[in-house]
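Structure at a glance
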Amino acid sequence: MTLSLEQLRRCHVAVDLGASRTRVYLKHQGLIVDEPSVASVNTNTGALIAVGTLAERMAGRTPDHIRVVRPVSGGTVVDIDMAQRMLRYLVGDKVRRAWRRKPALRAAVCIPHEADPLALRAAVETMTGLGARRVELVDTLIAAAVGCGLPVEQAEATMIVVCGAATTQVAVLSLGSIVAAEKVPLGGDAIDHAVVQHLRNAHELVLPSQGLRPLHLAMGASGPEDWEGAEVHGRDVATGCARSVRVGSREVREAIHTPLTAVLDSIGRVLRLCPPDLVADLGERGVMLAGGSARLPGLDKMLRSATGMPVHVARNADVCAVEGLGSMLEGRLKPLVLDPVTT
């Protein structure tokens with residue numbers, strides 16, 4: 001990890017291209033971009049109409065000649081040209097002019113664990129198209145663990161679960177490296193889809209694309225509120241008219257049982273691959289939840305009940321990966337230095 005840290009300290013910018021949000025960290029300035037990874041395009045002319053929050057609000061509300069696209073899926077760039085256009089717009093002219101003045105611009109990019117060569121190449125091409133002369137690729141799991149403040153460089157186990165929009169990544173780290181890890185193709189989008197399907201089957205109600213927030217609140221309810229639930233609005237399947245139903249937190253938890261079971265199984269598989277000493281460390285330290293979906297109310301309680309270990313949600317769960325990269329760029333992470341053994 002020492003060589004990797006030396007290379008990262010020479011980088012000028014860190015980028016986290018997520019399926020849900022795109023974040024850019026500029027050295028000595030901090031986080032300068034935190035916007036949805038969405039763009040809207042005029043299919044007749046090819047012109048870019050909106051990017052980020054405005055484009056996300058257009059989803060499901062556009063005429064035929066306007067298409068809302070997501071150039072990133074599961075942390076992997078699937079549309080390089082659109083990803084470059086989106087980043088150019090998000091970082092702004094001032095920052096791009098500053099980048100052009102650097103003849104040897106270096107960039108660091110988060111990549112999913114065990115990303116395939118095509119995904120690595122897409123990430124590199126996306127940044128080189130913006131003027132980067134060298135691109136350093138950093139595993140999202142390590143970057144997120146650093147951003148959460150976990151002592152990844154120490155000789156003790158730390159476990160992190162990065163809950164993204166399209167994937168969930170689980171890892172145990174020690175001495176700055178990944179001991180065991182697994183990636184599951186289920187994330188916040190799968191949880192939302194499970195809730196949408198349940199409401200369609202059980203209540204014959206179709207939710208709008210941005211109508212799940214009340215259900216997230218209901219899932220975190222406890223006590224008397226567990227029976228009261230939350231009122232959600234949607235469209236009746238049969239009549240097409242607007243209708244409201246009240247959904248309790250218990251019903252929501254049952255609906256998302258299947259995607260959460262896959263996450264719990266992956267945690268168990270990772271623990272079985274670890275040495276017993278590291279697992280003993282985790283019994284005291286517990287599990288750290290990171291990623292945008294980690295803030296889903298009640299998720300930490302469910303994992304705590306299933307694993308029997310303490311579960312913590314990172315204070316900056318949604319931006320911990322790019323903040324971790326920023327810490328490496330700024331040189332705030334120090335590797336473990338051992339005195340050479342003399343005989």
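Attention here is on the structure that accompanies the text. (Residues numbered from 1 in each chain as written. Predicted model: local features only at pLDDT ≥ 70, side-chain atom pairs only at ≥ 80, totals over all residues. Heavy atoms only, no water.)

Another aspect to go through is the overall build of the chain. Each helix and strand in the chain was counted, giving 13 helices and 18 strands. For the chain, with 343 residues in total, the buried portion stands at 48%. Of the contacts formed within the chain by residues at least 6 apart in sequence, a portion of 62% connects residues at least 24 apart. Within the structure as shown, the chain displays about 16,600 Å² of accessible surface, and the carbon and sulfur contribution to it stands at 51%. (Helix = DSSP H or I, 4+ residues; strand = E, 2+ residues; numbered from the N terminus. Buried < 20%, exposed > 50% of the residue type's maximum accessible area, 1.4 Å probe, protein only. Contact = heavy atoms within 4.5 Å. Areas by Shrake-Rupley, 256 points an atom, 1.4 Å probe, with all protein chains shown as cover.)

What follows concerns empty space enclosed by the protein. If you walk through the whole model with that rule in mind, you get three cavities of 30 Å³ or more. Taken as a whole, the largest cavity spans an internal volume of roughly 100 Å³. Along its surface, the largest cavity is lined by Val 161, Cys 163, Thr 168, Leu 186, Gly 187, Ile 191, Pro 259, Leu 260, Val 263, Ser 293, Leu 299 and Leu 303. Considering only residue class, the lining of the largest cavity consists of nine nonpolar, three polar and no charged. As for the second largest cavity, its lining consists of Leu 17, Gly 75, Thr 76, Val 77, Val 109, Cys 110, Ile 111, Pro 112, Ala 115, Ala 119, Leu 120 and Ala 123. Split into classes, the residues belonging to the lining of the second largest cavity amount to ten nonpolar, two polar and no charged. (1 Å grid on protein atoms, 1.4 Å probe; cavity = no way out; pocket = protein on both sides within 12 Å on 5 of 7 lines; lining within 4 Å. Points joined across faces, edges and corners; volume = space filled by probe spheres on them. Nonpolar A, V, L, I, M, F, W, Y, C, P; charged D, E, K, R; others polar.)

Another point: the environment of His 28. As for its placement among the helices and strands, His 28 is situated in the loop between strand E2 (21-26) and strand E3 (30-36). Residue His 28 is classed as exposed on the basis of its relative accessible area of 69%. For the pair His 28 and Val 13, spaced 15 residues apart in sequence, the C-alpha to C-alpha distance is 9.6 Å.

Take the nonpolar core next. In this structure, Cys 148, Met 159, Ile 160, Leu 289, Leu 325 and Met 328 are the most contacted members of the largest nonpolar core, which totals 67 residues. For Leu 289, the contacting residues outside a window of four places in its chain are Val 161, Cys 163, Ala 294, Leu 299, Asp 300, Leu 303, Val 311, His 312, Val 313, Ala 314 and Ala 317. Membership of the second largest hydrophobic core comes to 30 residues, among which are Ala 39, Met 82, Leu 87 and Ala 132. (Core = buried A, V, L, I, M, F, W, Y, C linked by side-chain atoms within 4.5 Å.)

This part is about the side chain of Thr 126. Among the structural elements, Thr 126 can be located in helix H4 (residues 117-128). Among the polar contacts listed, one links the side chain of Thr 126 to the backbone oxygen of Ala 122, at a separation of 2.7 Å. Every residue in contact with Thr 126, bar those within four places of it in the chain, is listed here: Leu 17, Val 77, Ile 80, Ala 83, Gln 84 and Leu 87. (Polar contact = N/O pair within 3.5 Å; in protein donor to acceptor, adjacent residues only side chain to side chain.)

With respect to topology, five strands assemble into an open sheet ordered E3-E2-E1-E9-E10, the strand pairing being mixed. Each end of this open sheet is capped by a strand with a single partner; those strands are E3 and strand E10 (134-139). Between one strand axis and the next, the sheet turns by 20° as a mean value, whatever way the strands run. The pairing of strand E9 (residues 106-111) with E10 spans six bridges and is parallel. Paired with Ala 107 across the two strands is Val 135, which belongs to E10. Set on the sheet, helix H5 (residues 140-147) makes contact with E9 and E10; between it and E10 the angle comes to about 75°. (Pairing = 2+ DSSP bridges. Axes fitted to C-alpha atoms, helices over the stretch in contact; angles between N-to-C directions.)

Right, let's talk about the sheet that holds strand E14 (residues 205-206) for a bit. Whether parallel or antiparallel, the strands of a sheet pair through hydrogen bonds between backbone atoms. The strand order across the open sheet built from three strands is E14-E15-E16, with neighbouring strands paired in antiparallel fashion. The strands lining the two open edges of the sheet, one partner per strand, are E14 and strand E16 (242-247).

We now examine the pairing of strand E1 (residues 13-17). Among the five residues that make up E1, five are buried, leaving the element largely enclosed by the rest of the structure. Neither face of E1 is exposed, since Val 13, Val 15 and Leu 17 on one face and Ala 14 and Asp 16 on the opposite face are all buried. Relative to E2, E1 runs antiparallel, the two being bridged by five bridges. If you follow Val 13 over to E2, its bridge partner there is Leu 26. Where E1 hands over to E2, the hairpin turn is made up of three residues, counted between the paired strands. In this structure, E1 lies alongside E9, joined through three bridges in parallel fashion. Its bridge partner being in E9, Val 13 is matched across the sheet by Ala 107.

With respect to burial, helix H13 (residues 320-330) is a largely interior element, nine of its eleven residues being buried. Here H13 has its buried residues at Cys 320, Ala 321, Val 322, Gly 324, Leu 325, Gly 326, Ser 327, Met 328 and Leu 329. Backbone geometry just after H13 places Gly 331 at a positive phi near 80°.

With respect to the helices and strands, the residue Asp 236 is situated in strand E15 (residues 230-236). Its relative accessible area of 10% is what places Asp 236 among the buried residues. In terms of polar contacts, Asp 236 uses its side chain to reach the backbone amide nitrogen of Thr 239, at 3.0 Å. Filtering out sequence-adjacent residues up to four positions away, Asp 236 remains in contact with Glu 204, Leu 205, Cys 241 and Arg 243.

Attention now moves to a positive patch on the surface. Together, Lys 94, Arg 97, Arg 100, Arg 101 and Lys 102 give the surface a local cluster of positive charge. Looking at the secondary structure, you find Arg 101 in the loop between helix H3 (80-100) and E9. Take Arg 101: its relative accessible area is 63%, and that puts it in the exposed class. (Patch = residues over 30% accessible without salt bridge, like charges linked within 9 Å, V, L, I, M, F, W, Y side chains within 5 Å. Salt bridge = Lys/Arg side-chain N within 4 Å of Asp/Glu carboxyl O. Lys, Arg positive; Asp, Glu negative; His and termini not counted. Charge placed at Lys NZ, Arg CZ, Asp CG, Glu CD.)

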